[in-house]
Amino acid sequence: MKSNNFQTPKQSSRDATGQAIYIMWLREMKRFFRARARVIGTLAMPFFFLISFGFGMRQGFNLPGMPQMNYLNFLVPGIIGMTMLFNSIFAGISVLWDREFGFLKEILVAPVKRFAIVLGRIAGGITTALIQAILILILSLFIGFKISNHSGIILAILFMILIGIGFIGFGIAVASILENTESFSLIMQLFVFPTFLLSGAFFPVSNLPKWLKPISLINPLTYGVDGLRASLIGFSQFPLILDLTILFIFGILMVGFGSWLFNKTEI
Amino acid sequence: MLVIETKNLTKEFNGLIAVNNVSLDVKEGEIFGLLGPNGAGKTTTIKMLATLLKPTKGEAKVCGFDILKQRDEVRNSIGIVFQEPALDNRLTGYENLDFHARLYGLDSKTRKKRIQEVLNLVELEDKANVIVRNYSGGMQRRLEIARGLMHYPKVLFLDEPTLGLDPQTRHRIWDYILKLNQKEKTTIILTTHYMEEADYLCQRVGIIDFGKIVALDTPQNLKNIFKKPTLEDVFLYFTGRKIRDGEANQSEKFKRMRHRF
(Lines give C-alpha, C1' and ligand atoms only; values in the text may rest on other atoms or scores of the structure.)
Protein backbone atom coordinates (compact mmCIF):
# COMPACT_ATOMS: atom_id res chain seq x y z
CA MET A 1 0.00 0.00 0.00
CA LYS A 2 1.11 3.51 -0.74
CA SER A 3 2.82 5.58 1.91
CA ASN A 4 0.71 7.86 4.01
CA ASN A 5 2.72 10.95 3.32
CA PHE A 6 1.75 11.81 -0.19
CA GLN A 7 -1.01 14.22 -1.10
CA THR A 8 -4.28 12.53 -1.75
CA PRO A 9 -5.18 13.15 -5.39
CA LYS A 10 -8.30 15.20 -4.96
CA GLN A 11 -10.61 16.99 -7.29
CA SER A 12 -11.24 20.69 -7.06
CA SER A 13 -13.76 21.57 -4.41
CA ARG A 14 -16.36 22.43 -7.02
CA ASP A 15 -16.10 18.95 -8.51
CA ALA A 16 -16.23 17.43 -5.05
CA THR A 17 -19.50 19.24 -4.39
CA GLY A 18 -20.87 18.01 -7.70
CA GLN A 19 -19.79 14.47 -6.84
CA ALA A 20 -21.53 14.72 -3.49
CA ILE A 21 -24.81 15.79 -5.09
CA TYR A 22 -24.52 13.04 -7.68
CA ILE A 23 -23.74 10.29 -5.21
CA MET A 24 -26.59 11.29 -2.87
CA TRP A 25 -28.92 11.24 -5.86
CA LEU A 26 -27.57 7.88 -7.02
CA ARG A 27 -27.94 6.43 -3.55
CA GLU A 28 -31.63 7.43 -3.38
CA MET A 29 -32.21 5.87 -6.81
CA LYS A 30 -30.52 2.60 -5.89
CA ARG A 31 -32.35 2.36 -2.60
CA PHE A 32 -35.65 3.07 -4.29
CA PHE A 33 -35.32 0.50 -7.04
CA ARG A 34 -34.06 -2.15 -4.67
CA ALA A 35 -36.91 -1.78 -2.19
CA ARG A 36 -39.59 -3.34 -4.31
CA ALA A 37 -42.05 -3.54 -1.43
CA ARG A 38 -41.87 0.21 -0.97
CA VAL A 39 -42.43 0.94 -4.64
CA ILE A 40 -45.57 -1.16 -4.73
CA GLY A 41 -46.74 0.09 -1.36
CA THR A 42 -46.50 3.75 -2.18
CA LEU A 43 -48.25 3.22 -5.49
CA ALA A 44 -51.01 1.14 -3.98
CA MET A 45 -52.57 3.79 -1.76
CA PRO A 46 -53.13 6.46 -4.39
CA PHE A 47 -54.29 3.81 -6.81
CA PHE A 48 -56.91 2.47 -4.41
CA PHE A 49 -58.11 6.00 -3.71
CA LEU A 50 -58.43 6.49 -7.44
CA ILE A 51 -60.40 3.33 -8.01
CA SER A 52 -62.68 3.67 -5.01
CA PHE A 53 -63.49 7.37 -5.10
CA GLY A 54 -63.10 7.76 -8.80
CA PHE A 55 -65.69 5.16 -9.59
CA GLY A 56 -67.70 5.35 -6.41
CA MET A 57 -68.48 9.04 -6.74
CA ARG A 58 -69.20 8.92 -10.44
CA GLN A 59 -72.89 9.73 -10.16
CA GLY A 60 -73.32 12.30 -7.47
CA PHE A 61 -71.01 15.14 -8.10
CA ASN A 62 -72.56 18.45 -9.02
CA LEU A 63 -71.66 21.69 -7.37
CA PRO A 64 -73.40 24.99 -7.89
CA GLY A 65 -71.19 27.33 -9.86
CA MET A 66 -68.95 24.56 -11.13
CA PRO A 67 -69.04 23.21 -14.64
CA GLN A 68 -70.25 19.66 -15.12
CA MET A 69 -67.37 17.27 -15.05
CA ASN A 70 -66.46 13.68 -14.61
CA TYR A 71 -65.38 13.15 -11.03
CA LEU A 72 -62.52 10.93 -12.10
CA ASN A 73 -61.08 13.76 -14.13
CA PHE A 74 -61.47 16.06 -11.15
CA LEU A 75 -59.85 13.57 -8.82
CA VAL A 76 -56.77 12.45 -10.73
CA PRO A 77 -54.78 15.70 -10.39
CA GLY A 78 -55.60 15.60 -6.69
CA ILE A 79 -54.32 12.06 -6.37
CA ILE A 80 -51.16 12.98 -8.26
CA GLY A 81 -50.66 15.85 -5.83
CA MET A 82 -51.20 13.45 -2.96
CA THR A 83 -48.64 11.04 -4.39
CA MET A 84 -46.08 13.81 -4.66
CA LEU A 85 -46.88 14.91 -1.10
CA PHE A 86 -46.41 11.50 0.45
CA ASN A 87 -43.31 10.60 -1.49
CA SER A 88 -41.64 13.96 -0.97
CA ILE A 89 -42.24 14.07 2.75
CA PHE A 90 -41.00 10.52 2.99
CA ALA A 91 -37.87 11.38 1.01
CA GLY A 92 -37.13 14.36 3.22
CA ILE A 93 -37.80 12.44 6.40
CA SER A 94 -35.42 9.72 5.25
CA VAL A 95 -32.82 11.79 7.09
CA LEU A 96 -34.41 10.34 10.22
CA TRP A 97 -33.89 6.83 8.95
CA ASP A 98 -30.25 7.62 8.27
CA ARG A 99 -29.95 8.88 11.81
CA GLU A 100 -31.61 5.79 13.24
CA PHE A 101 -29.54 3.39 11.17
CA GLY A 102 -26.32 5.26 11.77
CA PHE A 103 -25.57 6.30 8.21
CA LEU A 104 -26.07 9.97 9.06
CA LYS A 105 -22.77 9.90 10.94
CA GLU A 106 -20.93 8.94 7.79
CA ILE A 107 -22.53 11.87 5.97
CA LEU A 108 -21.93 14.41 8.74
CA VAL A 109 -18.27 13.57 9.24
CA ALA A 110 -17.39 14.01 5.57
CA PRO A 111 -15.56 17.16 4.40
CA VAL A 112 -18.39 18.19 2.13
CA LYS A 113 -20.78 21.13 2.22
CA ARG A 114 -23.99 20.19 3.99
CA PHE A 115 -25.90 22.05 1.32
CA ALA A 116 -24.61 19.64 -1.31
CA ILE A 117 -25.98 16.77 0.74
CA VAL A 118 -29.37 18.48 0.93
CA LEU A 119 -29.40 19.20 -2.81
CA GLY A 120 -28.52 15.61 -3.63
CA ARG A 121 -31.24 14.30 -1.38
CA ILE A 122 -33.73 16.68 -2.94
CA ALA A 123 -32.69 15.63 -6.44
CA GLY A 124 -33.03 11.97 -5.52
CA GLY A 125 -36.35 12.47 -3.76
CA ILE A 126 -37.84 14.49 -6.62
CA THR A 127 -36.81 11.86 -9.13
CA THR A 128 -38.34 8.96 -7.23
CA ALA A 129 -41.50 10.91 -6.34
CA LEU A 130 -41.87 12.01 -9.97
CA ILE A 131 -41.55 8.43 -11.18
CA GLN A 132 -44.34 7.40 -8.81
CA ALA A 133 -46.58 10.32 -9.77
CA ILE A 134 -46.14 9.72 -13.49
CA LEU A 135 -46.91 6.04 -13.00
CA ILE A 136 -50.15 7.02 -11.28
CA LEU A 137 -50.92 9.36 -14.15
CA ILE A 138 -50.40 6.57 -16.65
CA LEU A 139 -52.47 4.16 -14.58
CA SER A 140 -55.29 6.69 -14.42
CA LEU A 141 -55.23 6.99 -18.21
CA PHE A 142 -55.98 3.28 -18.33
CA ILE A 143 -59.03 3.62 -16.12
CA GLY A 144 -60.58 6.47 -18.06
CA PHE A 145 -58.84 9.73 -17.18
CA LYS A 146 -58.92 12.21 -20.04
CA ILE A 147 -56.22 14.84 -20.36
CA SER A 148 -57.80 17.85 -22.00
CA ASN A 149 -54.62 19.41 -23.34
CA HIS A 150 -51.59 17.29 -24.06
CA SER A 151 -49.11 20.12 -23.87
CA GLY A 152 -50.35 20.61 -20.33
CA ILE A 153 -48.35 17.57 -19.32
CA ILE A 154 -45.13 19.60 -19.30
CA LEU A 155 -46.73 22.20 -17.07
CA ALA A 156 -48.10 19.45 -14.86
CA ILE A 157 -44.63 18.01 -14.43
CA LEU A 158 -43.39 21.45 -13.44
CA PHE A 159 -46.07 21.60 -10.78
CA MET A 160 -45.17 18.13 -9.57
CA ILE A 161 -41.54 19.20 -9.21
CA LEU A 162 -42.49 22.36 -7.33
CA ILE A 163 -44.71 20.43 -4.93
CA GLY A 164 -41.90 17.93 -4.44
CA ILE A 165 -39.22 20.51 -3.69
CA GLY A 166 -41.33 22.26 -1.10
CA PHE A 167 -42.36 19.16 0.78
CA ILE A 168 -38.94 17.49 0.64
CA GLY A 169 -37.54 20.66 2.18
CA PHE A 170 -40.22 20.46 4.82
CA GLY A 171 -39.42 16.81 5.47
CA ILE A 172 -35.72 17.59 5.86
CA ALA A 173 -36.52 20.44 8.25
CA VAL A 174 -38.70 18.20 10.39
CA ALA A 175 -36.20 15.34 10.32
CA SER A 176 -33.42 17.65 11.43
CA ILE A 177 -35.40 18.60 14.51
CA LEU A 178 -36.78 15.22 15.47
CA GLU A 179 -34.49 12.76 17.13
CA ASN A 180 -36.19 9.48 16.40
CA THR A 181 -38.56 7.75 14.08
CA GLU A 182 -41.34 7.37 16.64
CA SER A 183 -42.35 10.96 16.09
CA PHE A 184 -42.64 10.17 12.41
CA SER A 185 -46.07 8.59 12.63
CA LEU A 186 -47.24 11.53 14.71
CA ILE A 187 -46.16 13.86 11.94
CA MET A 188 -48.00 11.75 9.42
CA GLN A 189 -51.29 11.92 11.33
CA LEU A 190 -51.11 15.51 12.48
CA PHE A 191 -49.81 17.03 9.35
CA VAL A 192 -49.83 14.97 6.21
CA PHE A 193 -53.40 13.72 6.35
CA PRO A 194 -55.04 17.12 6.89
CA THR A 195 -52.76 18.51 4.19
CA PHE A 196 -54.00 16.27 1.45
CA LEU A 197 -57.56 16.01 2.71
CA LEU A 198 -57.98 19.78 2.67
CA SER A 199 -56.05 20.51 -0.50
CA GLY A 200 -58.87 20.39 -2.96
CA ALA A 201 -57.78 16.94 -4.04
CA PHE A 202 -61.12 15.32 -3.32
CA PHE A 203 -63.53 18.24 -3.41
CA PRO A 204 -63.31 21.87 -4.42
CA VAL A 205 -61.96 24.16 -1.76
CA SER A 206 -64.88 26.49 -2.36
CA ASN A 207 -67.10 23.80 -0.87
CA LEU A 208 -65.68 24.23 2.59
CA PRO A 209 -67.40 26.20 5.35
CA LYS A 210 -65.99 29.57 6.36
CA TRP A 211 -64.13 28.26 9.36
CA LEU A 212 -62.37 25.47 7.48
CA LYS A 213 -61.54 27.28 4.29
CA PRO A 214 -58.59 29.29 5.69
CA ILE A 215 -56.74 26.05 6.40
CA SER A 216 -57.05 25.10 2.77
CA LEU A 217 -55.97 28.52 1.69
CA ILE A 218 -52.73 28.46 3.65
CA ASN A 219 -52.04 24.91 2.54
CA PRO A 220 -49.39 24.94 -0.21
CA LEU A 221 -50.67 21.68 -1.65
CA THR A 222 -53.99 23.38 -2.45
CA TYR A 223 -52.18 25.51 -5.00
CA GLY A 224 -50.22 22.56 -6.29
CA VAL A 225 -53.36 20.51 -6.88
CA ASP A 226 -55.03 23.52 -8.45
CA GLY A 227 -52.09 23.98 -10.80
CA LEU A 228 -52.12 20.29 -11.72
CA ARG A 229 -55.83 20.46 -12.42
CA ALA A 230 -55.36 23.53 -14.58
CA SER A 231 -52.60 21.85 -16.59
CA LEU A 232 -54.31 18.51 -17.09
CA ILE A 233 -58.03 19.22 -17.37
CA GLY A 234 -58.18 22.97 -17.82
CA PHE A 235 -60.18 23.68 -14.67
CA SER A 236 -58.85 25.63 -11.71
CA GLN A 237 -60.13 27.77 -8.87
CA PHE A 238 -57.14 30.09 -8.66
CA PRO A 239 -55.14 31.90 -11.32
CA LEU A 240 -52.26 29.82 -12.57
CA ILE A 241 -49.76 32.54 -11.81
CA LEU A 242 -50.86 32.53 -8.18
CA ASP A 243 -50.35 28.79 -7.93
CA LEU A 244 -46.87 29.04 -9.41
CA THR A 245 -45.83 31.94 -7.21
CA ILE A 246 -47.00 30.39 -3.98
CA LEU A 247 -45.37 27.07 -4.73
CA PHE A 248 -42.16 28.78 -5.73
CA ILE A 249 -42.01 30.76 -2.50
CA PHE A 250 -42.92 27.70 -0.48
CA GLY A 251 -40.15 25.73 -2.16
CA ILE A 252 -37.48 28.32 -1.54
CA LEU A 253 -38.52 28.86 2.06
CA MET A 254 -38.63 25.17 2.88
CA VAL A 255 -35.37 24.30 1.17
CA GLY A 256 -33.69 27.21 2.89
CA PHE A 257 -35.14 26.34 6.26
CA GLY A 258 -34.42 22.64 5.85
CA SER A 259 -30.83 23.28 4.79
CA TRP A 260 -30.25 25.66 7.66
CA LEU A 261 -31.56 23.16 10.17
CA PHE A 262 -29.64 20.28 8.61
CA ASN A 263 -26.52 22.40 8.77
CA LYS A 264 -26.86 22.67 12.49
CA THR A 265 -27.49 18.98 13.07
CA GLU A 266 -25.24 17.27 15.50
CA ILE A 267 -25.22 13.62 16.25
CA MET B 1 4.57 15.85 15.46
CA LEU B 2 1.46 15.81 17.55
CA VAL B 3 -1.59 14.62 15.64
CA ILE B 4 -3.96 15.32 18.52
CA GLU B 5 -3.59 18.23 20.90
CA THR B 6 -6.38 19.13 23.25
CA LYS B 7 -6.45 21.87 25.85
CA ASN B 8 -9.18 21.96 28.49
CA LEU B 9 -11.60 20.30 26.14
CA THR B 10 -15.01 20.39 27.79
CA LYS B 11 -18.50 19.31 26.79
CA GLU B 12 -21.58 20.02 28.81
CA PHE B 13 -25.07 18.70 28.08
CA ASN B 14 -27.81 20.52 30.00
CA GLY B 15 -25.76 20.85 33.14
CA LEU B 16 -24.15 17.43 32.89
CA ILE B 17 -20.42 17.70 32.27
CA ALA B 18 -19.57 14.80 30.00
CA VAL B 19 -16.01 15.81 29.22
CA ASN B 20 -14.25 17.87 31.84
CA ASN B 21 -11.18 19.90 30.89
CA VAL B 22 -9.40 17.14 29.04
CA SER B 23 -5.90 18.02 27.94
CA LEU B 24 -4.13 15.24 26.16
CA ASP B 25 -1.75 14.82 23.26
CA VAL B 26 -1.25 11.97 20.85
CA LYS B 27 1.98 11.64 18.86
CA GLU B 28 2.15 10.78 15.21
CA GLY B 29 2.37 7.07 14.59
CA GLU B 30 1.10 6.11 18.03
CA ILE B 31 -1.52 3.60 18.89
CA PHE B 32 -3.34 5.30 21.72
CA GLY B 33 -6.05 3.76 23.84
CA LEU B 34 -8.81 5.74 25.51
CA LEU B 35 -10.23 3.59 28.28
CA GLY B 36 -13.09 4.29 30.59
CA PRO B 37 -16.32 3.00 32.09
CA ASN B 38 -19.73 3.55 30.48
CA GLY B 39 -20.58 7.21 30.30
CA ALA B 40 -17.04 8.30 31.08
CA GLY B 41 -16.84 10.60 28.10
CA LYS B 42 -14.83 8.52 25.62
CA THR B 43 -17.26 8.68 22.73
CA THR B 44 -18.05 12.34 23.39
CA THR B 45 -14.35 13.19 23.27
CA ILE B 46 -13.93 11.35 20.01
CA LYS B 47 -16.98 13.00 18.50
CA MET B 48 -15.56 16.40 19.34
CA LEU B 49 -12.22 15.51 17.78
CA ALA B 50 -14.05 14.25 14.70
CA THR B 51 -15.93 17.60 14.47
CA LEU B 52 -19.28 15.93 15.03
CA LEU B 53 -19.87 17.85 18.24
CA LYS B 54 -18.83 21.35 19.21
CA PRO B 55 -17.03 21.63 22.54
CA THR B 56 -18.54 23.83 25.21
CA LYS B 57 -15.13 25.10 26.18
CA GLY B 58 -11.50 24.49 25.35
CA GLU B 59 -9.73 23.80 22.11
CA ALA B 60 -8.27 20.96 20.13
CA LYS B 61 -6.16 20.46 17.06
CA VAL B 62 -6.13 17.41 14.84
CA CYS B 63 -3.09 17.13 12.53
CA GLY B 64 -2.50 20.77 13.29
CA PHE B 65 -5.98 21.86 12.23
CA ASP B 66 -8.36 23.53 14.67
CA ILE B 67 -11.52 21.48 15.19
CA LEU B 68 -13.72 24.57 15.14
CA LYS B 69 -12.09 26.78 12.53
CA GLN B 70 -10.73 24.21 10.10
CA ARG B 71 -13.35 21.51 10.20
CA ASP B 72 -13.05 20.32 6.64
CA GLU B 73 -9.27 19.94 6.93
CA VAL B 74 -9.77 17.91 10.09
CA ARG B 75 -12.37 15.75 8.38
CA ASN B 76 -10.04 15.09 5.51
CA SER B 77 -7.25 13.94 7.81
CA ILE B 78 -9.23 11.51 9.91
CA GLY B 79 -11.02 8.26 9.41
CA ILE B 80 -13.50 7.01 11.94
CA VAL B 81 -15.21 3.72 12.64
CA PHE B 82 -18.10 4.18 15.00
CA GLN B 83 -19.29 1.76 17.60
CA GLU B 84 -22.70 1.43 15.95
CA PRO B 85 -22.70 0.46 12.28
CA ALA B 86 -22.83 3.40 9.90
CA LEU B 87 -23.18 1.57 6.61
CA ASP B 88 -25.97 1.74 4.07
CA ASN B 89 -27.54 -1.69 4.31
CA ARG B 90 -29.21 -1.52 0.93
CA LEU B 91 -26.00 -0.92 -0.98
CA THR B 92 -23.19 -3.36 -1.67
CA GLY B 93 -19.79 -3.22 0.00
CA TYR B 94 -18.31 -1.76 -3.16
CA GLU B 95 -21.04 0.87 -3.38
CA ASN B 96 -20.52 1.92 0.23
CA LEU B 97 -16.83 2.44 -0.46
CA ASP B 98 -17.54 4.26 -3.70
CA PHE B 99 -20.00 6.56 -1.92
CA HIS B 100 -17.38 7.43 0.65
CA ALA B 101 -14.68 8.00 -1.96
CA ARG B 102 -16.82 10.42 -3.92
CA LEU B 103 -17.90 12.27 -0.80
CA TYR B 104 -14.23 12.78 0.04
CA GLY B 105 -13.39 14.02 -3.42
CA LEU B 106 -11.18 11.23 -4.72
CA ASP B 107 -10.83 11.26 -8.49
CA SER B 108 -12.05 8.37 -10.58
CA LYS B 109 -8.75 6.54 -11.05
CA THR B 110 -7.77 6.81 -7.40
CA ARG B 111 -11.22 5.68 -6.34
CA LYS B 112 -11.06 2.41 -8.21
CA LYS B 113 -7.52 1.67 -7.16
CA ARG B 114 -8.07 2.50 -3.53
CA ILE B 115 -11.28 0.48 -3.29
CA GLN B 116 -9.34 -2.60 -4.39
CA GLU B 117 -6.52 -1.84 -1.96
CA VAL B 118 -8.71 -1.49 1.09
CA LEU B 119 -10.84 -4.49 0.14
CA ASN B 120 -7.66 -6.53 -0.08
CA LEU B 121 -6.47 -5.30 3.29
CA VAL B 122 -9.62 -6.44 5.06
CA GLU B 123 -9.99 -9.51 2.86
CA LEU B 124 -13.43 -8.68 1.48
CA GLU B 125 -12.60 -8.68 -2.24
CA ASP B 126 -14.95 -11.51 -3.14
CA LYS B 127 -17.79 -10.11 -1.05
CA ALA B 128 -17.60 -6.64 -2.54
CA ASN B 129 -20.77 -7.01 -4.59
CA VAL B 130 -22.89 -8.45 -1.83
CA ILE B 131 -25.51 -6.20 -0.26
CA VAL B 132 -24.26 -5.11 3.15
CA ARG B 133 -27.46 -6.28 4.80
CA ASN B 134 -26.18 -9.78 4.13
CA TYR B 135 -22.81 -9.22 5.75
CA SER B 136 -22.09 -10.71 9.16
CA GLY B 137 -21.22 -8.38 12.02
CA GLY B 138 -17.54 -9.07 11.57
CA MET B 139 -17.69 -8.40 7.85
CA GLN B 140 -19.50 -5.14 8.45
CA ARG B 141 -16.86 -4.02 10.91
CA ARG B 142 -14.10 -4.93 8.47
CA LEU B 143 -15.84 -3.03 5.71
CA GLU B 144 -16.13 0.02 7.94
CA ILE B 145 -12.42 -0.13 8.69
CA ALA B 146 -11.77 -0.34 4.95
CA ARG B 147 -14.05 2.64 4.42
CA GLY B 148 -12.36 4.69 7.11
CA LEU B 149 -9.10 4.25 5.23
CA MET B 150 -10.36 5.13 1.77
CA HIS B 151 -9.15 8.72 1.79
CA TYR B 152 -5.68 7.98 3.23
CA PRO B 153 -6.31 9.50 6.65
CA LYS B 154 -3.45 10.29 9.00
CA VAL B 155 -5.46 9.34 12.05
CA LEU B 156 -7.94 6.53 12.41
CA PHE B 157 -10.44 6.59 15.29
CA LEU B 158 -11.82 3.21 16.27
CA ASP B 159 -14.67 3.17 18.77
CA GLU B 160 -14.79 -0.33 20.28
CA PRO B 161 -13.43 -1.96 17.12
CA THR B 162 -13.85 -5.59 18.14
CA LEU B 163 -16.96 -5.36 20.28
CA GLY B 164 -19.08 -8.49 19.95
CA LEU B 165 -16.88 -10.18 17.38
CA ASP B 166 -15.66 -13.73 17.17
CA PRO B 167 -12.04 -14.44 18.14
CA GLN B 168 -10.88 -15.07 14.57
CA THR B 169 -12.17 -11.71 13.38
CA ARG B 170 -10.84 -9.96 16.48
CA HIS B 171 -7.33 -11.21 15.85
CA ARG B 172 -7.56 -10.32 12.19
CA ILE B 173 -8.64 -6.79 13.06
CA TRP B 174 -5.75 -6.49 15.48
CA ASP B 175 -3.48 -7.56 12.62
CA TYR B 176 -4.94 -4.89 10.32
CA ILE B 177 -4.44 -2.27 13.02
CA LEU B 178 -0.83 -3.23 13.59
CA LYS B 179 -0.16 -3.43 9.86
CA LEU B 180 -1.65 0.01 9.29
CA ASN B 181 0.36 1.47 12.08
CA GLN B 182 3.66 -0.13 11.13
CA LYS B 183 3.53 0.14 7.34
CA GLU B 184 1.51 3.31 6.84
CA LYS B 185 2.44 5.09 10.05
CA THR B 186 -1.26 5.72 10.58
CA THR B 187 -1.96 7.00 14.07
CA ILE B 188 -4.64 4.92 15.72
CA ILE B 189 -6.87 6.06 18.54
CA LEU B 190 -9.11 3.40 19.91
CA THR B 191 -11.56 3.06 22.72
CA THR B 192 -12.28 -0.31 24.23
CA HIS B 193 -13.54 -2.18 27.22
CA TYR B 194 -11.30 -5.12 26.43
CA MET B 195 -8.27 -4.45 28.56
CA GLU B 196 -6.24 -7.23 27.02
CA GLU B 197 -6.83 -5.58 23.67
CA ALA B 198 -5.58 -2.25 24.98
CA ASP B 199 -2.61 -3.92 26.58
CA TYR B 200 -1.74 -5.79 23.38
CA LEU B 201 -2.17 -2.96 20.90
CA CYS B 202 -1.64 0.36 22.61
CA GLN B 203 1.64 2.10 23.15
CA ARG B 204 -0.02 4.46 25.60
CA VAL B 205 -3.40 4.46 27.27
CA GLY B 206 -5.41 7.18 28.93
CA ILE B 207 -8.02 6.24 31.51
CA ILE B 208 -10.97 8.60 31.56
CA ASP B 209 -13.60 8.62 34.29
CA PHE B 210 -16.44 11.10 34.84
CA GLY B 211 -15.03 13.15 32.01
CA LYS B 212 -11.57 13.54 33.47
CA ILE B 213 -8.29 11.82 32.59
CA VAL B 214 -7.22 9.96 35.70
CA ALA B 215 -4.19 8.15 34.29
CA LEU B 216 -2.06 8.45 31.17
CA ASP B 217 0.97 6.27 30.45
CA THR B 218 2.17 3.12 28.76
CA PRO B 219 0.40 -0.04 29.91
CA GLN B 220 3.62 -1.41 31.28
CA ASN B 221 4.38 1.70 33.33
CA LEU B 222 0.90 1.70 34.76
CA LYS B 223 1.20 -1.90 35.80
CA ASN B 224 4.60 -1.27 37.37
CA ILE B 225 3.77 1.96 39.19
CA PHE B 226 0.51 0.73 40.63
CA LYS B 227 1.83 -2.77 41.17
CA LYS B 228 -0.96 -4.56 39.34
CA PRO B 229 -0.51 -7.70 37.25
CA THR B 230 -2.87 -6.71 34.43
CA LEU B 231 -4.09 -3.54 32.81
CA GLU B 232 -7.59 -4.54 33.83
CA ASP B 233 -6.55 -4.44 37.47
CA VAL B 234 -5.08 -0.99 36.93
CA PHE B 235 -8.35 0.07 35.33
CA LEU B 236 -10.45 -1.27 38.18
CA TYR B 237 -8.13 0.35 40.66
CA PHE B 238 -8.81 3.73 39.10
CA THR B 239 -12.46 3.37 38.29
CA GLY B 240 -13.68 1.25 41.16
CA ARG B 241 -15.98 -1.75 41.22
CA LYS B 242 -19.32 0.09 41.23
CA ILE B 243 -21.43 -0.55 38.15
CA ARG B 244 -22.16 2.50 36.06
CA ASP B 245 -25.74 2.60 34.91
CA GLY B 246 -25.30 4.38 31.67
CA GLU B 247 -28.12 5.33 29.31
CA ALA B 248 -28.85 3.02 26.41
CA ASN B 249 -26.75 4.12 23.53
CA GLN B 250 -27.94 4.49 19.95
CA SER B 251 -27.18 0.94 18.90
CA GLU B 252 -28.91 -0.61 21.86
CA LYS B 253 -32.01 1.52 21.30
CA PHE B 254 -31.94 0.62 17.64
CA LYS B 255 -31.70 -3.10 18.27
CA ARG B 256 -34.73 -2.94 20.49
CA MET B 257 -36.73 -1.12 17.85
CA ARG B 258 -35.82 -3.50 15.08
CA HIS B 259 -39.00 -5.54 15.34
CA ARG B 260 -40.92 -2.48 14.16
CA PHE B 261 -39.44 -2.72 10.70
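Residues numbered from 1 in each chain as written. Chains lettered and ligands numbered in written order. Predicted model: local features only at pLDDT ≥ 70, side-chain atom pairs only at ≥ 80, totals over all residues.

(A) Representation of the overall build of chain A in the model. Within chain A one finds 10 helices and 0 strands. Across chain A, helices and strands are ordered from the amino to the carboxyl terminus as α-α-α-α-α-α-α-α-α-α. Rg of the C-alpha trace for chain A: 20 Å, near the compact-globule value of 18 Å for 267 residues, within the 12% margin. Counting only C-alpha atoms, chain A reaches 80 × 40 × 35 Å along its principal axes. Out of the 267 residues in chain A, the part that is buried amounts to 45%. (Helix = DSSP H or I, 4+ residues; strand = E, 2+ residues; numbered from the N terminus. Rg over C-alpha atoms; globule rule 2.2 N^0.38 Å. Buried ≥ 20, exposed ≤ 12 C-beta atoms within 10 Å, placed from the backbone.)

(B) Main features of the overall build of chain B. Assigned secondary structure in chain B consists of 10 helices and 11 strands. The globule rule puts the C-alpha radius of gyration for 261 residues at 18 Å, and the 18 Å found for chain B is close to it. Expressed along its principal axes, the backbone C-alpha trace of chain B runs to roughly 50 × 40 × 40 Å. Within chain B, the fraction of its 261 residues that count as buried is 47%. Within chain B, counting contacts between residues at least 6 apart in sequence, those at least 24 apart form 67% of the total. (Contact = placed C-beta atoms within 7 Å.)

(C) Up close: the nonpolar core. If you look at the biggest cluster of nonpolar residues, it comprises 138 residues, and the most contacted ones within it are V62, A146 and F157 of chain B. The leading source of residues in this core is helix α3 (residues 71-100) of chain A, at 16 residues. With residues up to four places along the chain from it excluded, the contact list for F157 of chain B reads I46, A50, I78, I80, V81 and I189 of chain B. (Core = buried A, V, L, I, M, F, W, Y, C linked by C-beta atoms within 7 Å.)

(D) Looking closely at the pairing of strand β4 (residues 31-35) of chain B. Residues and elements named next belong to chain B. Burial of β4 is extensive: 5 of the 5 residues sit out of reach of the surface. Pairing between β4 and strand β10 (residues 204-209): 4 bridges, direction parallel. Its bridge partner lying in β10, L34 is registered against G206. (Pairing = 2+ DSSP bridges.)

(E) Expanded view of unusual backbone geometry. Unlike most non-glycine residues, N14 of chain B shows phi in positive territory, near 50 degrees. Looking at where N14 of chain B falls in the secondary structure, it is placed in the loop between β1 (2-13) and β2 (16-22).

(F) Representation of the sheet that holds strand β8 (residues 155-159) of chain B within the structure. Residue and element names in this part refer to chain B. Pairing is mixed across the open sheet formed by 6 strands, whose spatial order is β7-β8-β9-β4-β10-β11. Of all the strands in the sheet, just β7 (78-81) and β11 (212-217) have a single pairing partner and so form its edges. Between one strand axis and the next, the sheet turns through 15 degrees on average, direction left out of account. Packed on one face of the sheet, helix α5 (residues 137-149) meets β7 and β8 and runs near 165 degrees to β7. (Axes fitted to C-alpha atoms, helices over the stretch in contact; angles between N-to-C directions.)

(G) Here's a closer look at α5 of chain B. Residues and elements named next belong to chain B. Here α5 contains 13 residues, and its C-alpha end-to-end distance of 19 Å stays within 8% of the 18 Å for a straight helix at 1.5 Å per residue. Of all 13 residues making up α5, 10 are buried, and the element is well covered by its neighbours. Residues of α5 that are buried include every one of Q140, R141, R142, L143, E144, I145, A146, R147, G148 and L149, and no others. On its buried face, α5 sits against β7, α3 (93-103), α4 (108-121), β8 and α6 (167-184). (Expected span 1.5 Å × (residues − 1).)

(H) Representation of the environment of V19 of chain B. All names here are of chain B. Along the chain, the position of V19 falls in strand β2. Residue V19 is classed as buried on the basis of its 29 C-beta neighbours within 10 Å. For V19 and T45, which are 26 residues apart along the polypeptide, the C-alpha to C-alpha distance reads 6.7 Å.

(I) The arrangement of α3 of chain B in detail. All names here are of chain B. Counting buried residues in α3 gives 9 out of 11 residues, a clear majority hidden from the surface. Inspection of α3 places G93, E95, N96, L97, F99, H100, A101, R102 and L103 among the buried residues, and these make up the whole buried set. A positive backbone phi angle near 75 degrees is found at G105, which sits one or two residues after α3.

In short, geometric facts, not functional conclusions.
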